[in-house]
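Each chain, written out:
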Amino acid sequence: MIYKKNKLKIDRFDISSITKKYKTPIYCYSLKKIKENIQNLKKHFKKINPLICYAVKANSNLKLLKEIKKNNLGADVVSGGELMKVLKAGIKPKKIVFSGVGKISEEIEYAISKNILLINAESKSEILEIEKIAKKKKKIVDVGIRLNPNTDAKTLTQISTGKKENKFGVDQKVFLKLINIVKKSKNMNLKCLSVHIGSQILNHKPYQNMLKVVNRVIKLSNYKFEYIDLGGGMGIDYDHNNSKLDLKKYSRDIEKFLKINNCKIIFEPGRSIIGNTAVLITKIIYIKEGFKKDFVILDAAMNDLMRPALYGAKHKIIPLKRIKKKSKKIYEFVGPVCESTDTFATVKNYQKLNEKDYLIICDVGAYGISLSSNYNVRPKPLEVLIKKSKIQILSKRQKISDLM
Ligand code: LLP
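Cut-off values and rules
- Residues numbered from 1 in each chain as written.
- Predicted model: local features only at pLDDT ≥ 70, side-chain atom pairs only at ≥ 80, totals over all residues.
- Heavy atoms only, no water.
- Patch = residues over 30% accessible without salt bridge, like charges linked within 9 Å, V, L, I, M, F, W, Y side chains within 5 Å.
- Areas by Shrake-Rupley, 256 points an atom, 1.4 Å probe, with all protein chains shown as cover.
- Salt bridge = Lys/Arg side-chain N within 4 Å of Asp/Glu carboxyl O.
- Helix = DSSP H or I, 4+ residues; strand = E, 2+ residues; numbered from the N terminus.
- Axes fitted to C-alpha atoms, helices over the stretch in contact; angles between N-to-C directions.
- Parallel < 35°, antiparallel > 145°, perpendicular 65-115°, else oblique.
- Left-handed = near helix turned anticlockwise from the far one by under 90°.
- Contact = heavy atoms within 4.5 Å.
- Near = heavy atom within 4 Å.
- Polar contact = N/O pair within 3.5 Å; in protein donor to acceptor, adjacent residues only side chain to side chain.
- 1 Å grid on protein atoms, 1.4 Å probe; cavity = no way out; pocket = protein on both sides within 12 Å on 5 of 7 lines; lining within 4 Å.
- Sits in = over half its atoms within 2 Å of the grid points.
- Nonpolar A, V, L, I, M, F, W, Y, C, P; charged D, E, K, R; others polar.
- Domains from an automatic or database assignment.
- Pairing = 2+ DSSP bridges.
- Buried area = accessible area lost by both parts, 1.4 Å probe.
- Buried < 20%, exposed > 50% of the residue type's maximum accessible area, 1.4 Å probe, protein only.
- Points joined across faces, edges and corners; volume = space filled by probe spheres on them.

With that settled, the discussion passes to a nonpolar patch on the surface. On the surface, Val377, Ile400 and Met404 cluster together into a nonpolar patch covering about 330 Å² of accessible area. Checked against the element boundaries, methionine 404 lands in the segment after β20 (390–395).

Put into structure tokens, the structure is as follows:
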């Protein structure tokens, strides 16, 4: 994404040509960037040769899933719906892992009937449920057990998953007990130890700590796991100041781990594949003078992009057209939804803005549209993909009539 003559371009495509044709808000993705991100992960983890299972929750648009599939990725799903969607996108069952703390019987049955690579179980009750269903179906199911390594991911508390107070996985003691249950079962094959300590991780140290715990638990279990699923969580540079996870260091730590444990590594990255591939194009409806600041009221709101309201997450907001003139005012960018948390950012020294100007909210590809809702009976926005300098519609804007 660069400015040319002060106009914003993505892959040499002039964004203002999109706003001329379609109404905002619009999610706009770059296929080139998606491919680059996938190549980047493959390059950094070349020595490990992992199975990369894209975490579908980050963005489950069917056309995007088909593009991701073309790059030979598998999928990490967390519901029957996601599983159905990735199968529809053509991803092979033997490249699909199923995570989540609350898989219902129908979802387990569906996953078993599709012969997916792994069901990663997160509790004793789930293991017993899988066994019951597998027995009924006269099948032998490949399972993983998710370990809660009690590792601090040093990320936002709302997106930490690997500490003992989090609902995810089981602690070391339970893990060792569950191994025995699965080992004794005639209908389950224990294949995998899985972990996932959190999301938007920017420092490799938490991963290092996680690997130490995994190593210890493998030793204690005295079991040869065919797969170790290290989850996702690789952070991206939302601040645009080069603060991203050092993949080289993470890779080196895993290489060391593999010297001790001979197994196939699985990754479940979501954000690092899709996060920085999209922008949300929005238009200023009104500018309203407030106490000490001006409210810049956008046509995009928390229902379109939930991350700031839900986690206090920061997304850079840049103008579609750059001008030199600065405003003396403080601007707060807000949406039209009736909630005080419907606010995106407060900025100083911004360029002077006018009503009907367009703004670009950056890095919204992951957990953007997938977390969106129809709150306030607002239709979900249009999604487009820039593909070889052409525009492809990924998903049409919902019609208000669809919401009646
Ligand atoms: N695997 C498991 C088991 C997960 O729970 C997650 C994310 C991932 C993989 C993918 O993590 P990623 O590579 O995308 O960091 N809505 C939040 C993020 C929630 C993440 C939930 N689990 C956000 O907008 O930041």
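Attention shifts here to the packing of helix α5 (residues 105–113) against helix α6 (residues 124–136). For the pair α5 and α6, the least separation of the axes is 10 Å and the interaxial angle reads 55°. In terms of orientation, α5 and α6 fall into the oblique class. Once α5 is placed against α6, the crossing between them reads as right-handed. Where α5 abuts α6, its residues Ser105, Ile108, Glu109 and Ile112 lie against Glu126, Glu129, Ile130, Ile133, Ala134 and Lys136.

Let's shift gears to the site of the ligand. Surveying the vicinity of the ligand reveals 18 residues, the closest of which are Ser199, Glu268, Arg307, Tyr311 and Tyr367. At a separation of 2.7 Å, a nitrogen atom of the ligand approaches a polar side-chain atom of tyrosine 311. At 2.6 Å from an oxygen atom of the ligand is found a side-chain nitrogen or oxygen belonging to tyrosine 367. Computed on the free molecule, the ligand has an accessible area of 590 Å², of which 92% lies beneath the protein chains in the complex. Using a 2 Å cut-off from the grid points, one finds that the ligand occupies the second largest pocket. Of the residues that constitute the shell around the ligand, the class distribution is six nonpolar, six polar and six charged. Taken domain by domain, the shell around the ligand gets at least three of its residues from each of domain 1 (2–29 + 275–403) and domain 2 (45–269).

Here we come to the sheet that holds strand β6 (residues 74–77). Read around the closed barrel, the eight strands follow the order β5-β6-β7-β8-β9-β10-β11-β12; overall the barrel is parallel. When the angles between neighbouring strand axes are averaged without regard to direction, this sheet yields 30°. Two elements, strand β10 (residues 188–194) and strand β11 (residues 227–229), share three bridges in a ladder whose sense is parallel. Within the sheet, the bridge partner assigned to serine 194 lies in β11 and is aspartate 229. Each of β9 (141–146) and β10 touches helix α7 (residues 172–184); the most contacted strand, β9, lies at about 170° to it.

Next up on the list: the domain arrangement of the protein. Taken domain by domain, the protein consists of domain 1 (2–29 + 275–403) and domain 2 (45–269). Averaged C-alpha coordinates put domain 1 and domain 2 at centres separated by 33 Å. The interface is formed by 24 residues belonging to domain 1 together with 17 residues belonging to domain 2. A buried area of about 1,600 Å², summed over both sides, lies between domain 1 and domain 2, and 53% of it is on carbon and sulfur atoms. Close ionic contact of glutamate 67 with lysine 387 constitutes a salt bridge, the shortest N to O distance being 2.8 Å. Scanning the region where domain 1 abuts domain 2 turns up nine residue pairs in polar contact (both at pLDDT 80 or more). Of all the secondary-structure elements, those providing two or more residues to the side of domain 1 that touches domain 2 are α11 (307–311), β19 (382–387) and β20. Top element by residues in the side of domain 1 that touches domain 2 is β20. It accounts for four residues.

A word on unusual backbone geometry. In this chain, threonine 24 is followed by proline 25 through a cis amide linkage whose omega measures -5°. By secondary structure assignment, the location of proline 25 is in the loop between α1 (15–21) and β4 (26–30). If you check the backbone angles, asparagine 349 has positive phi at about 55° while not being a glycine. Within the fold, asparagine 349 resides in the loop between β17 (343–347) and β18 (358–361). Its relative accessible area of 57% is what places asparagine 349 among the exposed residues. Unlike most non-glycine residues, valine 377 shows phi in positive territory, near 50°. By relative accessible area, valine 377 is classed as partly exposed at 46%.

A few words on the layout of surface pockets. The volume enclosed by the largest pocket comes to roughly 800 Å³. Surrounding the largest pocket, 33 residues form its lining, Lys33, Asn37, Lys244, Asn276 and Asp363 being those nearest its centre. Residue contributions to the lining of the largest pocket peak at seven residues, all from helix α2 (residues 31–44). In terms of residue class, the lining of the largest pocket is built from 14 nonpolar, ten polar and nine charged. Split by domain, the residues of the lining of the largest pocket number at least three in each of domain 1 (2–29 + 275–403) and domain 2 (45–269). Here the second largest pocket is characterised by a volume of approximately 630 Å³. Lining the second largest pocket we find 31 residues, and of these Lys57, Thr161, Phe168, His196 and Tyr367 sit closest to its centre.

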